[in-house]
Amino acid sequence: MRVLLVHPSPLLYSELYLRLEPLGLERVAAAVRAAGHDVRLLDLQVFGQDDYAREVAEFRPRAIGFSLNYLANVPEVIDLAKVTKTRWPDVFVFVGGHSASFIASELLEHAAGALDAVVRGEGEIIAPRLLEGIGDGALARLPGVVTPDGAGPTPTLLDDLDRHLPARDLGRRRQRYFIGVLDPCASAELTRGCPWDCSFCSAWTFYGRSYRKVSPDAAAEDLARIREPNVFLVDDVAFIQAEHGFAIGREVERRGIRKHYYLETRCDVLLKNQEVFAYWRRLGLYYMFLGVEALDEEGLRLHRKRVTWSENERALEVARRLGFIVAINIIADPDWDERRFAVVREWALSVPEIVHLTVATPYPVRRPARGLADAAASPPVLRGAGANPGRPQS
């Protein structure tokens, strides 16, 4: 079967600081190709919608799958699905990804018949089964699949991250991917999931607080395949387990892989596992994103960070001592007044790190928090630009 997988356009203003390769979609493409299908991948971050129309007309896919990791891309994906069904009514159109997993029924409603299915959860396992089942009337019984006829059971997590390494060969215009000064920049995954349950984050609700690791051999093999000089490690929290980080590093060193790396981690993880971060500094880790999130104990408690402000301060000192260029995130609550923003601005100007603010945004289809005062009792919220942009939810 001919299958076209599509990543939507970049978010407004995001191209000022990043444009990341569609790692999750590349992994799904690898799984679909391994099942015997003819797969193409089109990234609308680097192509236009006219290119999409030409690709469909030329390739004539039997199925088209859209990745939907951000709510802001919902209108574009819905519009493309409708255009596709109008011009090519026999094409099977489906959507998956992080945000799609939480708003499946709403997507089907707004698509008004243009979407045949929504895939919830990780895509590597279920996408081949979905394609195999097209036309048999039993799609709604597959794990994680939602159709106008019903919804299947709970999505299945991939049990082995060594399977289906990214099909980067399907990408085009790869030189246009970057993050900050790392240009061009590829992306890679060493672990998936997060065992914490911060109130602002959606990762733990997506992965069920699971935490899985790529083996050191497979991780190093994947890094060795990357041609770009720079790599963004998309893990939700890098190097939670120090020995795993050391094992991958030893494989990287043994193979003579030299890259510049960017990663994201927690302040308490950096404090606990300083040695592995120092080791990776020697391997080429230069840039780090630290989720500080709040400047006082009360804010950290309400965010369920399970870390103290003194630990955050000590982690920043460690990062400086190790020579990292650090970006940190502070979550702004919609209830903040001008005085609160002034306090945060004053602190941001007093530290050498890059400080950016993201607004706590209500999680889809859930009750939003009424300010930080009741955040601890509220459902998770999505961070804005500070959320991991490269996380491979397929």
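Residues numbered from 1 in each chain as written. Predicted model: local features only at pLDDT ≥ 70, side-chain atom pairs only at ≥ 80, totals over all residues. Heavy atoms only, no water.

Novice: Explain the nonpolar core to me, and be specific about the residues and the numbers.
Specialist: With 67 residues, the main nonpolar core has L223, L233, Y261, F277 and W280 as its most contacted residues. Beyond its immediate sequence surroundings of up to four residues, F277 is in contact with A238, F239, L263, T265, V269, L270, L285, M288, L322 and F324. (Core = buried A, V, L, I, M, F, W, Y, C linked by side-chain atoms within 4.5 Å. Buried < 20%, exposed > 50% of the residue type's maximum accessible area, 1.4 Å probe, protein only. Contact = heavy atoms within 4.5 Å.)

Novice: Before we move on, can you summarise helix 3 (residues 74-87) with the specific residues and values?
Specialist: Spanning 14 residues, helix 3 covers 20 Å between terminal C-alpha atoms, matching the ideal 20 Å at 1.5 Å per step. Within helix 3 the residues assigned to the buried category are V74, E76, V77, I78, L80, A81, T84 and K85. Check the buried side of helix 3 and you find it contacts helix 2 (49-59), strand 4 (63-67), strand 5 (92-96) and helix 5 (104-111). (Helix = DSSP H or I, 4+ residues; strand = E, 2+ residues; numbered from the N terminus. Expected span 1.5 Å × (residues − 1).)

Novice: Which residues make up the sheet that holds strand 7 (residues 145-147), and what values do they have?
Specialist: The strand order 3-1-4-5-6-7-8 describes an open sheet built from seven strands, whose pairing is mixed. One side of each edge strand has no neighbouring strand; the edge strands of this open sheet are strand 3 (38-43) and strand 8 (150-151). Of the pairings in the sheet, the one linking strand 7 to strand 8 comprises two bridges and is antiparallel in character. Each residue of the ladder has a partner; that of T147, found in strand 8, is G150. (Pairing = 2+ DSSP bridges.)

Novice: Go over the packing of aromatic side chains, please, and point to the residues and values.
Specialist: Evaluation of the coordinates by the stated rule reveals twelve aromatic pairs. On the basis of an interplanar angle of 70° and a centroid distance of 5.3 Å, the ring pair of F232 and Y262 is categorised as edge-to-face. In this pair, F232 sits in strand 13 (residues 230-233) while Y262 sits in strand 14 (residues 260-265), placing the two residues 30 residues apart along the sequence. By relative accessible area, F232 is classed as buried at 0%. A connected cluster of aromatic rings, assembled from ring pairs, spans F239, Y261, F277 and W280. Over the face of the ring belonging to F47 we find R173, whose NZ or CZ atom lies 3.9 Å from the ring centre. (Phe/Tyr/Trp six-rings, centres within 6.5 Å; stacked < 30°, edge-to-face > 60°. Lys NZ or Arg CZ within 6 Å of the ring centre and 35° of its normal.)

Novice: Describe the side chain of S14, with residues and values.
Specialist: Residue position: S14 is located in the loop between strand 1 (2-7) and strand 2 (18-19). Relative accessible area serves as the criterion here: at 8%, S14 is assigned to the buried category. A distance of 2.8 Å separates the side chain of S14 from the backbone oxygen of L11, its partner in a polar contact. (Polar contact = N/O pair within 3.5 Å; in protein donor to acceptor, adjacent residues only side chain to side chain.)

Novice: I'd like a rundown of the packing of helix 8 (residues 216-225) against helix 9 (residues 242-254), residues and numbers included.
Specialist: Relative orientation of the contacting elements helix 8 and helix 9 amounts to 45°, with a least axis distance of 8 Å. Here helix 8 lies oblique to helix 9, going by the angle between them. At the point where helix 8 passes helix 9, the crossing takes the right-handed sense. Facing helix 8, whose interface residues are P216, D217, A219, A220 and L223, helix 9 presents A247, I248, E251 and V252. (Axes fitted to C-alpha atoms, helices over the stretch in contact; angles between N-to-C directions. Parallel < 35°, antiparallel > 145°, perpendicular 65-115°, else oblique. Left-handed = near helix turned anticlockwise from the far one by under 90°.)

Novice: Lay out the confidence of the model for the protein chain with the relevant residues and their values.
Specialist: Counting all residues, the mean pLDDT for the protein chain is 90, and 92% of those residues have values of 70 or more. Counting contacts from residues 365-394, a segment whose pLDDT is below 50, to residues more than four positions away or on other chains yields 103 contacts. (pLDDT = per-residue confidence, 0-100.)

Novice: Tell me about the pairing of strand 5, and please be specific about residues and values.
Specialist: Burial analysis of strand 5 places five of its five residues in the buried class, which makes it a mostly covered element. Here strand 5 shows no split at all, with F92, F94 and G96 on one side and V93 and V95 on the other all buried. As defined by bridge partners, strand 4 adjoins strand 5 across five bridges and the pair is classed as parallel. Across the sheet, the residue bridging to F66 is V95, located in strand 5. Handedness of the crossover joining strand 4 and strand 5 through helix 3 is recorded here as right-handed. With three bridges joining them, strand 5 and strand 6 (residues 117-119) adopt parallel strand pairing. Bridge pairing in strand 6 links V95 to V118. (Right-handed = clockwise from strand over helix to strand, strands pointing away.)

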